[in-house]
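Observations on the model geometry
As a plain string of letters, each chain reads:
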Amino acid sequence: MFVNNNTQPGSTLTPAQIARVRHQAEELEGVFLNTLTKELFSSIKTDASVMGGGFGEETWRSMQSEQLAATMAQNGGLGIAEQLLPDLLAMQEAANNQNILPGAYK
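Let me begin by describing the structure that accompanies this report. Numbering of residues begins from 1 in every chain and follows the order in which that chain's sequence is written. Confidence filtering applies because this is a predicted model: local features only for residues at pLDDT of at least 70, side-chain atom pairs given and counted only at 80 or more, and all residues used for totals across whole chains, interfaces and linings. Computation of side-chain values covers all heavy atoms of the structure but excludes hydrogens and water.

Secondary structure counts use DSSP, requiring at least four H or I residues in a row for a helix and at least two E residues in a row for a strand, with both numbered from the N terminus. The secondary structure content of the protein amounts to three helices and zero strands. Moving toward the C terminus, one meets the helices and strands of the protein in the order α-α-α. Looking at the protein residue by residue over its 106 residues, the buried ones come to 25%. Considering only intrachain contacts with a sequence separation of at least 6, the fraction spanning at least 24 residues in the protein is 73%. Note on exposure labels: buried denotes an accessible area under 20% of the residue type's maximum, exposed denotes more than 50%, and partly exposed covers the range between, all computed with a 1.4 Å probe on protein chains only. What makes two residues a contact is simply this: any of their non-hydrogen atoms within 4.5 Å.

A separate point is the nonpolar core. In these notes, a set of buried Ala, Val, Leu, Ile, Met, Phe, Trp, Tyr and Cys residues joined through side-chain atoms within 4.5 Å is what counts as a nonpolar core. Of all hydrophobic cores here, the largest spans seven residues; its members are Leu 13, Ile 18, Val 21, Ala 25, Ala 81, Leu 85 and Leu 89. Contributing elements (two or more residues each) for this core: α1 (15-42) and α3 (80-98). When neighbours within four sequence positions are excluded, Val 21 is seen to be in contact with Leu 85, Leu 88, Leu 89 and Gln 92.

On to α1, then. Under the 1.5 Å per step criterion, the end-to-end length of α1 is 40 Å for 28 residues, consistent within 8% with the ideal 40 Å. Among the structural elements, α2 (54-74) and α3 are those in contact with the buried residues of α1. Here the expected span of a helix is defined as 1.5 Å times the quantity of residues minus one.

Here we take up the packing of α1 against α3. Axis angles are defined between N-to-C directions and span 0 to 180 degrees, where every axis is a line fitted to C-alpha atoms and, for a helix, only to the segment in contact. Where α1 contacts α3, the two axes come as close as 9 Å, and the packing angle between them is 140 degrees. By the angle class used here, α1 and α3 are oblique. The crossing of α1 and α3 is right-handed. Taking contact as the criterion, the partners of Gln 17, Ile 18, Val 21, Arg 22, Ala 25, Glu 26, Leu 28, Glu 29 and Phe 32 in α1 are, on α3, Ile 80, Ala 81, Leu 84, Leu 85, Leu 88, Leu 89, Gln 92 and Asn 96. Its residues placed into classes, the contact of α1 with α3 shows eleven nonpolar, three polar and three charged. Angles below 35 degrees are treated as roughly parallel, those above 145 as roughly antiparallel, those between 65 and 115 as roughly perpendicular, and all remaining angles as oblique. Should the near helix be turned counterclockwise from the far one by less than a right angle, the crossing is left-handed, whereas a clockwise turn marks it as right-handed. Amino acids are sorted into nonpolar (Ala, Val, Leu, Ile, Met, Phe, Trp, Tyr, Cys and Pro), charged (Asp, Glu, Lys and Arg) and polar (every other residue, Gly among them).

What is shown is where atoms sit, not what they do.
Now the structure itself:
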């Protein structure tokens, strides 16, 4: 997880904006990791005697991959959020200064 809360001197970003952008970066990494873990779990072949099989197992595996991905992203994941954060913060800074990016946090 990217833990540097300091922005450059003269920054227009508020701590709330920084927190939101950081959260979005972690969520994006979580989506990627969720896709990755779902693909990994789909390669595991089970039968009725081992895990029960069927719809219940598919649902459980889906929930498991979502929680695993979210936990991994919140704890640093693969570093995707950390790599994206400076660029996302720069975009937010530009939005604050120009007020032109839709969806920018104020």
